[in-house]
Amino acid sequence: MSTAKYSLPGNENLNVPYGAPLIELIDMRKTYSTSGTIAVEVLRGISLTIHAGEFVAIMGQSGSGKSTLMNILGLLDRPTGGIYRFAGRDVTSLSHDELARLRREAFGFVFQQYHLLPSISAVENVEVPATYAGLAPTERRKKAMELLVRLGLEGWAEHRPNQMSGGQQQRVSIARALINGGAIILADEPTGALDSATGSEVTVLLSDLAAKGHTVVLITHDLDIARTARRVVEIRDGAIVSDSGATSAPDHRIDTKLSDKLSAASPLSDMREALAAGGRALAANPFRTALTLLGIIVGVAAVIALLAIGEGAKQAVLAQLSIYGANRMYVIPGGGVSRGAGGRLLASDADLVRSVPNVAAAMPYLNGSVTVRAGNVDYSTMGTAVTTDFPRILHWQVEHGVFFDQADERSFATVAVIGSKLASRLFPDGQDPLRRMVLVNNVPFEVIGVLASKGAISGSSDDDDTIVFPFPTGSVRVFGKEDLSWISVLVDDTSRADETATAISSVLTAEHHVEDIRVLNQIASIQAQDRTQNTLTLLLGFTAAISLAVGGIGVMNVMLMTVTERTQEIGIRMATGARTIDILRQFITEAMMVAGLGGLVGAVVGVAAGMTAALFFSMPVIFSGVAIAGAVLCAVLTGLLFGFIPALRASRLEPVTALARE
């Protein structure tokens, strides 16, 4: 037996035993069920062999089963029973993707209704099978143009199918069948939709392809067209009634070889083509795309704007609370058992508090109402006697001048620092208060600094309307008492605030021998407010996310509608070699493109809405880059989630079913 080799024209990876049939059907049957109960047998035990290089016409009247036979020959449909050997290999049990590989490598289809994709040009239609074969864009464009020129369509490459005549469209479909080599051309009534002259031209083209070594199977009901083939097989009522005889074949054989790759395209090429196809599909129906985008835009904009407003409100509340310090607590007189008028706090108690672990500083605080005179202006305000820890503990710095130091404390210096509001009251018209003398309860003080404006804490008090002097001077010369109003405590580790508060209470109770003080844990209050504001922000975000989910449902509905409308396109792509993953990727990509574009536009709208709220309604707004990026990412993931079901539905269609859909 000879070991000489030959391979099918246009496909060096597809080798057939020399002299053996390329296609062999044994007892092939196909039964359809109608209304779920009635079974109609369309093919009734057909046995047929076709050798490489044959030009075979399968002839029969409408309803004879010839189109069903062609669909099975082209691996577009599966038989109900029987054996189908292709190049010596039984293909009846192959997976969807394995069948797609064979269609891509071996078959080219020429349909009666052309089955061209309407949204792309002639040359792009020709390129479709080469896309799934992984041919580089420049190479497949060159090859497609050569085929169009060869078939007399130069000048028509950029025209869409609806701009071409029937004969021109059929030539485009023939070029598409040849782009991957077209080892086997299956032509189903290729002249059925053409006039006689154009039909004759198509028949001559098929004859030329057969003469060049392509295997051509022509399905027709016209005897005159059938006679152009070298072999005529007549089918009637699902059975072969005549066969003019197979072409004689050499008696020596060679080894069979088929490519084992399910896809020749790279992942990057696959994704690029999916993006291009998705862009064309979205541009083909801009109004529907805009409506789909609207739901995503509203959802993303709502998420971004509401989270920004929520974060702004949270920070505003916390800023008000933290004016007294986010890491402070206060020791005040009074407790479970009072001694005297609510217990006593002395400056020595502040020294005890400083000894408690985790206490960074403790400041005695003595305040009361005072009368301040500057020139001929008398003004009642709040006076405060504190230590040099005041700026550190209260986070309140001097804006002009200086704060008093420890030397001033030790010397009982009569120096004072005043608030910005008091400064404007005592020294109007921009007068400089520094180094000016004022009387505080008739005691002269020199103004050495002005505190930075802190703003109103509540409707009943204003920290900027105050005067501050050294603790020894204030307690002796202004207030004339030692009992403190409270002790301000600065802690190091706010996570140990409760533990520190308990320790302070224990130390002072032990010193006083009675529980006559209370510790106000400002840190715990701020932390509680922080948690509350976080909850409110999350609630706003969740509310906005609902609108994003609604937009996702809109994407799914549109994609389901798209799958229904483009079922025939799916069939065309499958017939030209698209795998399950190719169809899945295409429709998921479209859904993600819609959602991603909507997310980007929604981000712009959301930022604009937040800025509008800040500018025109004076609402505190804080945008977060993470939140904006997260919202856009969520939109894309929403497209992925809600686009998956329509995409999966599309990818599971049978090619013959999809092609038959109008």
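About the thresholds
- Residues numbered from 1 in each chain as written.
- Predicted model: local features only at pLDDT ≥ 70, side-chain atom pairs only at ≥ 80, totals over all residues.
- Heavy atoms only, no water.
- Buried < 20%, exposed > 50% of the residue type's maximum accessible area, 1.4 Å probe, protein only.
- Helix = DSSP H or I, 4+ residues; strand = E, 2+ residues; numbered from the N terminus.
- Phe/Tyr/Trp six-rings, centres within 6.5 Å; stacked < 30°, edge-to-face > 60°.
- Salt bridge = Lys/Arg side-chain N within 4 Å of Asp/Glu carboxyl O.
- Axes fitted to C-alpha atoms, helices over the stretch in contact; angles between N-to-C directions.
- Parallel < 35°, antiparallel > 145°, perpendicular 65-115°, else oblique.
- Left-handed = near helix turned anticlockwise from the far one by under 90°.
- Contact = heavy atoms within 4.5 Å.
- Nonpolar A, V, L, I, M, F, W, Y, C, P; charged D, E, K, R; others polar.

### A few points about helix α1 (residues 66-73)
Reasoning step 1: In terms of burial, α1 is largely enclosed, as 7 of its 8 residues are buried.
Reasoning step 2: Burial in α1 covers these residues: Lys66, Thr68, Leu69, Met70, Asn71, Ile72 and Leu73.
Reasoning step 3: Leu75 lies just past α1 and shows a positive phi near 65°.

### Re the packing of aromatic side chains
Reasoning step 1: One pass over the full model with this rule turns up 10 aromatic pairs.
Reasoning step 2: Ring geometry for Phe445 and Phe469: centres 5.3 Å apart, planes at 35°, overall tilted. In this pair, Phe445 sits in strand β17 (residues 443-451) while Phe469 sits in strand β20 (residues 466-470), placing the two residues 24 residues apart along the sequence. Summarising the burial analysis for this pair, Phe445 and Phe469 share the class buried.
Reasoning step 3: Site record: aromatic cluster; members linked through ring pairs are Phe86, Phe107, Phe109 and Phe111.

### Section: the side chain of His214
Reasoning step 1: Structurally, His214 is set in the loop between α6 (196-211) and β8 (215-220).
Reasoning step 2: For His214, a relative accessible area of 8% gives the class buried.

### Things to note about the pattern of salt bridges
Reasoning step 1: On inspection of all chains with the given rule, the structure shows 23 salt bridges.
Reasoning step 2: Put simply, Arg29 and Glu41 hold a salt bridge, and the shortest N to O gap is 2.9 Å. Separated by 12 residues along the polypeptide, Arg29 in strand β1 (residues 23-34) and Glu41 in strand β2 (residues 38-50) bring together distant segments of the chain.
Reasoning step 3: Residues Arg435 and Glu446 are paired through a salt bridge, measuring 2.9 Å at the closest nitrogen-oxygen approach.

### Considerations on the packing of helix α5 (residues 166-178) against α6
Reasoning step 1: The N-to-C vectors of α5 and α6 enclose an angle of 15°; their axes lie 10 Å apart at closest approach. Between α5 and α6, the angle falls in the class roughly parallel. Read as a crossing pair, α5 and α6 show a hand that is right-handed. From α5, Gly167, Gln170, Arg171, Ile174 and Leu178 reach across to α6, where they touch Thr198, Glu201, Val202, Leu205 and Leu209.
Reasoning step 2: Residue classes in the contact of α5 with α6 are distributed as 5 nonpolar, 3 polar and 2 charged.

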